[in-house]
Amino acid sequence: MIQSIKKSMVVLLLITAFTSCNQGPTLQTYYVDNEEKAGFASFDVPTSFINVESVDMTEEQKEAYNSVDKLNVLTYMKEDTDSEVYKLELEKVKTILENPKYEELMRGGNSKDGKFVVKFLGDVERIDELIVFGSANNKGFMIARVLGDDMQPGELMKLGSVLEKANYDSTDLVGLKEFFK
């Protein structure tokens, strides 16, 4: 009797272990696997890197700013000679983002200039990770992961005007700014 209980417990633990492991690719693994490959560029930006000290913020904006920990960005700059590689990498990212754990907030763009999608992980009222994926047909694509704790989508949208006034022209974010021009 005790032997069968032990065997049942072992089988139950093994089933739990195998079903709880994520077998599919994630944005994190894609990021790590590609951040040093040719054609890719990556950077991590803590919120302290963006100088907002000279910007007047409301209490809601301060709360939203403080809920963000950092920004992870991975870009792939398309070259004329690597059209097939670009298409392959673009499909990999799209496949990852089709996972139902990434809930969609919005999408936009067009097939001529490029498209973007905004997705998130967490609860709709308290986001843990905000993902912005954009592709420009003639330039490449970009994945931005905004990481934080209990970020609120409505409050994050209010940060747009703060970021416009922030001083980051002297930082590495200029390259990201140029990507969207």
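In what follows, the structure referred to is the one given above.
Now for a description of the structure that goes with this document. Remember, predicted model here, so these are calculated numbers, not experimental data.

## A look at the sheet that holds strand β2 (residues 68-77)
Consideration 1: The sheet built from six strands is open, its strands ordered β1-β2-β6-β5-β4-β3 with antiparallel pairing. Unpaired on one side and paired on the other, β1 (40-46) and β3 (103-110) mark the two borders of the sheet. In this sheet, neighbouring strand axes are inclined to one another by 10° on average, regardless of whether the strands run parallel or antiparallel.
Consideration 2: Inspection of the sheet shows β1 paired to β2 by seven bridges, in the antiparallel sense. Bridge assignment links Ser42 to a residue of β2, and that residue is Leu74.
Consideration 3: Strand contacts of helix α4 (residues 83-97): β1, β2, β4 (114-123), β5 (126-136) and β6 (140-151), with the helix running at about 155° to β5, the strand carrying the most contacts.

## Observations concerning the pattern of salt bridges
Consideration 1: Within the structure shown, the criterion is met by four salt bridges.
Consideration 2: In this structure, the salt-bridge partner of Glu104 is Arg107, at a minimum N-O distance of 2.9 Å.
Consideration 3: A relative accessible area of 39% means that Glu104 is categorised as partly exposed.
Consideration 4: Relative accessible area serves as the criterion here: at 56%, Arg107 is assigned to the exposed category.

## Re the environment of Leu156
Consideration 1: By secondary structure assignment, the location of Leu156 is in helix α5 (residues 153-157).
Consideration 2: The spacing of Leu156 and Glu60 is 96 residues in sequence and 9.1 Å in space, taken between C-alpha atoms.

Criteria and cut-off values
- Residues numbered from 1 in each chain as written.
- Predicted model: local features only at pLDDT ≥ 70, side-chain atom pairs only at ≥ 80, totals over all residues.
- Heavy atoms only, no water.
- Pairing = 2+ DSSP bridges.
- Helix = DSSP H or I, 4+ residues; strand = E, 2+ residues; numbered from the N terminus.
- Axes fitted to C-alpha atoms, helices over the stretch in contact; angles between N-to-C directions.
- Contact = heavy atoms within 4.5 Å.
- Salt bridge = Lys/Arg side-chain N within 4 Å of Asp/Glu carboxyl O.
- Buried < 20%, exposed > 50% of the residue type's maximum accessible area, 1.4 Å probe, protein only.

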